[in-house]
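This is what each chain is made of:
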Amino acid sequence: MNISDIIKGTRGLDIADRLCILSFALSMKKEDVLTKPEKTLDFKDMEFIGSLMEKRKNGMPIAYITKTKEFYSEEFYVDESVLIPRPETELLVEEAIKIIKGLPSPLRIIDVGTGSGIIGITIARHTGQRVICTDISLDALKVAYINSRRLGISENIGFVCTDLMGSIKNHVGYDVIVANLPYISLKEWDDISEEVKGYEPRCALLGGEDGLEVYRRLIDTLPGTLNNNGWFLCEVGGSQQARAIKDMLVQRGLDVSIKRDYSGTERIVKGQWINLS
Ligand SMILES: C[S@@+](CC[C@H](N)C(=O)[O-])C[C@H]1O[C@@H](n2cnc3c(N)ncnc32)[C@H](O)[C@@H]1O
C-alpha cells in the first residue's frame, strides 16, 4: 500500500484529518504527503496509521492525536491534560501584549490557569518580560513546562501549582493579571459536543452554575494581588458573561472595556485599576 491508497481508501474521515494523521505518523510535511502519493508504507507504518485513524473516527480531537496545536504562529505540544488552544485566545494575548509594550519595565505578570502555557509563553516571547504561570493541575503545568522548553523561553517563565493565585497572593502585587479560566455554565454543558466533553479536561471547561464561579473567586482576590494602575484581562463566553465580569470589576474600581472577537462575540474583558491611591 502507498500514501495514495490511504488518502483515497479511508472512509469516515475527511481529507484534512487523513492528511494530518499521515503527516504526523510518517513525520512528513503535509505538502510532501501530497506530492509523494506513490511512497510505499511498511506494515509498521500501516498499523500505526490505522490505529490513529481509528482514534479519530471514535471522536478524539486531531490535536490530541498529533500532540500539537498551532497558536500565535507557533506549534505547542498538547495532550489530554490540557485544553486545546482556541483561536479566540489569540485576541486575549494580542491585547495583553499591546498593553505590556506600553508599560514601563520591569513588570510583574501572571497567567492564571495557564493550561498548555500558550498565554504566558506567548506574552513572554513577544515582550521579553518574565511571566508566572499557575494552574491547579500539575499535569497541565508539566505540559506548559514542555512548551516553555520547546520554544526556548523557560528561563523567563515561573510555574506555580495552586488554586488561582492562592499560594502567592499575599506576598506580591502584579502589574498584569491575565486569565482564560473555565467559563462553561452547567446549562451550556449539555450542548457541548462529545468531542469536547469526552476528551478535554472537565476542570478546564466547567465554570460552575453560571460559568463564572472561578472568575468570581479570582476577581475577589484582586484587591490583594493587582498593583495600582495594574491591568486585569480575561476571556469569556459571550455578552452576558462579559457584562457580568465588567460589573464585578467596575464595583471594585477598575476602568473596564470589552472587546469582540472576529465573529462579533464579546470575548475579552480588560480593566485597569486607576483609583487605588
Ligand atoms: C479554559 S482552560 C484554559 C487554558 C489556557 N489558559 C488556554 O487559554 O488554553 C482553563 C485552565 O484553568 C485551570 N484551572 C481551573 N480551575 C483553576 C483554579 N481554581 N486555579 C488555577 N487553575 C485553574 C484548568 O486546569 C485549565 O488548565
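Numbers given for residues are sequential positions, taken from 1 along each chain in its written order. Owing to the predicted nature of the model, reporting of local features is limited to residues with pLDDT of at least 70; listing and counting of side-chain atom pairs is limited to 80 or more, with chain, interface and lining totals taken over all residues.

Caption draft 1: Representation of unusual backbone geometry. Note that the residue after Ser105, namely Pro106, is joined by a cis bond; omega there is -5 degrees. In this description a helix means any DSSP run of H or I spanning at least four residues, a strand means any run of E spanning at least two, and both kinds are numbered starting from the N terminus. Within the secondary structure, Pro106 sits in the loop between α6 (89-101) and β3 (109-112). Phi is positive for Lys67, which is not a glycine, with a value near 60 degrees. In this fold, Lys67 is placed in the loop between α5 (62-66) and β1 (68-71).

Caption draft 2: Local environment of the environment of Tyr72. You can see Tyr72 is positioned in the loop between β1 and β2 (74-77). Sequence-wise, Tyr72 and Ile118 are 46 residues apart; in three dimensions their C-alpha atoms are separated by 8.5 Å. Residues in contact with Tyr72, not counting those within four places in the same chain, are Glu90, Val93 and Thr122. Residue pairs are scored as contacts if the distance between their C-beta atoms, which are placed from the backbone, is within 7 Å.

Caption draft 3: Quick look at the site of the ligand. Note on definitions: a residue is near a molecule or strand provided its C-beta atom, placed from the backbone, lies within 6 Å of it. Residues in contact with the ligand amount to 23 residues; listed here are only the nearest, Gly113, Gly115, Ile136, Asn180 and Ala204. Of all the elements in the fold, those that place two or more residues in the shell around the ligand are α7 (118-127), β4 (131-135) and α11 (202-205). In the scheme used here, Gly and all other residues not listed as nonpolar or charged are polar, with Ala, Val, Leu, Ile, Met, Phe, Trp, Tyr, Cys and Pro taken as nonpolar and Asp, Glu, Lys and Arg as charged. Its residues placed into classes, the shell around the ligand shows 13 nonpolar, eight polar and two charged.

Caption draft 4: View of the domain arrangement of the chain. According to the domain assignment, the chain consists of domain 1 (3-58) and domain 2 (69-273). By convention here, the domain bounds are inherited from an automatic or database domain assignment. When each unit is reduced to the centre of its C-alpha atoms, the spacing between domain 1 and domain 2 is 35 Å.

Caption draft 5: View of the pairing of strand β7 (residues 226-235). For β7, a buried count of seven out of ten residues is recorded, marking the element as mostly surrounded by other parts of the structure. DSSP calls a pair of strands paired once it identifies at least 2 bridges connecting them. Sheet topology places strand β6 (residues 174-179) next to β7; five bridges connect them, and they run parallel. Bridge assignment links Ile177 to a residue of β7, and that residue is Phe232. Where β7 lies against strand β9 (residues 266-273), five bridges are found, and the strand directions are antiparallel. What sits directly across from Phe232, in β9, is Gly271. Exposure criterion: with C-beta atoms placed from backbone coordinates, a residue whose C-beta has 20 or more other C-beta atoms within 10 Å is buried, one with 12 or fewer is exposed, and one in between is partly exposed.

Caption draft 6: Here's a closer look at the packing of α6 against α7. Angles shown run from 0 to 180 degrees and are taken between the N-to-C directions of axes, each axis being a line fitted to C-alpha atoms and, for helices, limited to the stretch in contact. Two elements in contact, α6 and α7, have axes whose closest approach is 10 Å; the angle formed by their N-to-C orientations is 40 degrees. As for how α6 packs across α7, the hand of that crossing is right-handed. Touching Thr89, Leu92, Val93, Ala96, Ile97, Ile100 and Lys101 of α6 are Ile118, Ile119, Thr122, Ile123, His126 and Thr127, all from α7. Should the near helix be turned anticlockwise from the far one by less than a right angle, the crossing is left-handed, and should it be turned clockwise, the crossing is right-handed.

Caption draft 7: Up close: the packing of helix α2 (residues 15-25) against helix α4 (residues 43-57). One can describe the packing of α2 onto α4 by two numbers: an axis separation of 10 Å at closest approach and a directional angle of 140 degrees. One finds that α2 runs oblique with respect to α4. α2 and α4 meet at a crossing whose hand is right-handed. Of the residues in α4, those touching α2 at Asp17, Ile21, Leu22 and Ala25 are Asp45, Phe48, Ile49, Leu52, Met53 and Arg56. Looking at the contact of α2 with α4 residue by residue, the class counts come to seven nonpolar, no polar and three charged. Angles below 35 degrees are treated as roughly parallel, those above 145 as roughly antiparallel, those between 65 and 115 as roughly perpendicular, and all remaining angles as oblique.

Caption draft 8: Structural detail: the environment of Leu151. Here Leu151 shows up in the loop between α8 (138-150) and β5 (157-161). Given 18 C-beta atoms within 10 Å, Leu151 falls into the partly exposed group. Discounting residues that sit within four places of it in the chain, Leu151 has contacts with Glu74, Ile121 and Arg125.

Caption draft 9: Representation of the pairing of β3 in the model. The two faces of β3 match: Ile109 and Asp111 on one face and Ile110 and Val112 on the other face are all buried. Alignment of β3 against β4, held across four bridges, turns out to be parallel. Following the sheet pairing, Val112 is matched in β4 by Thr134. The crossover handedness rule: strands pointing away from the viewer, path from first strand over the helix to second strand clockwise, crossover right-handed. In this region the chain leaves β3, passes through α7 and returns to the parallel neighbour β4; the handedness of that crossover is right-handed. Pairing geometry for β3 and β6, over four bridges, is parallel. Considered in β6, the bridge of Ile109 is made with Val176.

Caption draft 10: Local environment of the nonpolar core. Counting residues in hydrophobic clusters, the biggest one holds 58 residues, and the most contacted among them are Ile177, Tyr215, Phe232 and Ile245. Apart from residues no more than four positions distant in its own chain, Ile245 is found in contact with Leu212, Tyr215, Cys234, Val236 and Val269. Within the second largest apolar cluster, ten residues are counted, among which are Ile6, Cys20, Val33 and Leu52. A set of buried residues drawn from Ala, Val, Leu, Ile, Met, Phe, Trp, Tyr and Cys, joined through C-beta atoms within 7 Å, is what defines a nonpolar core.

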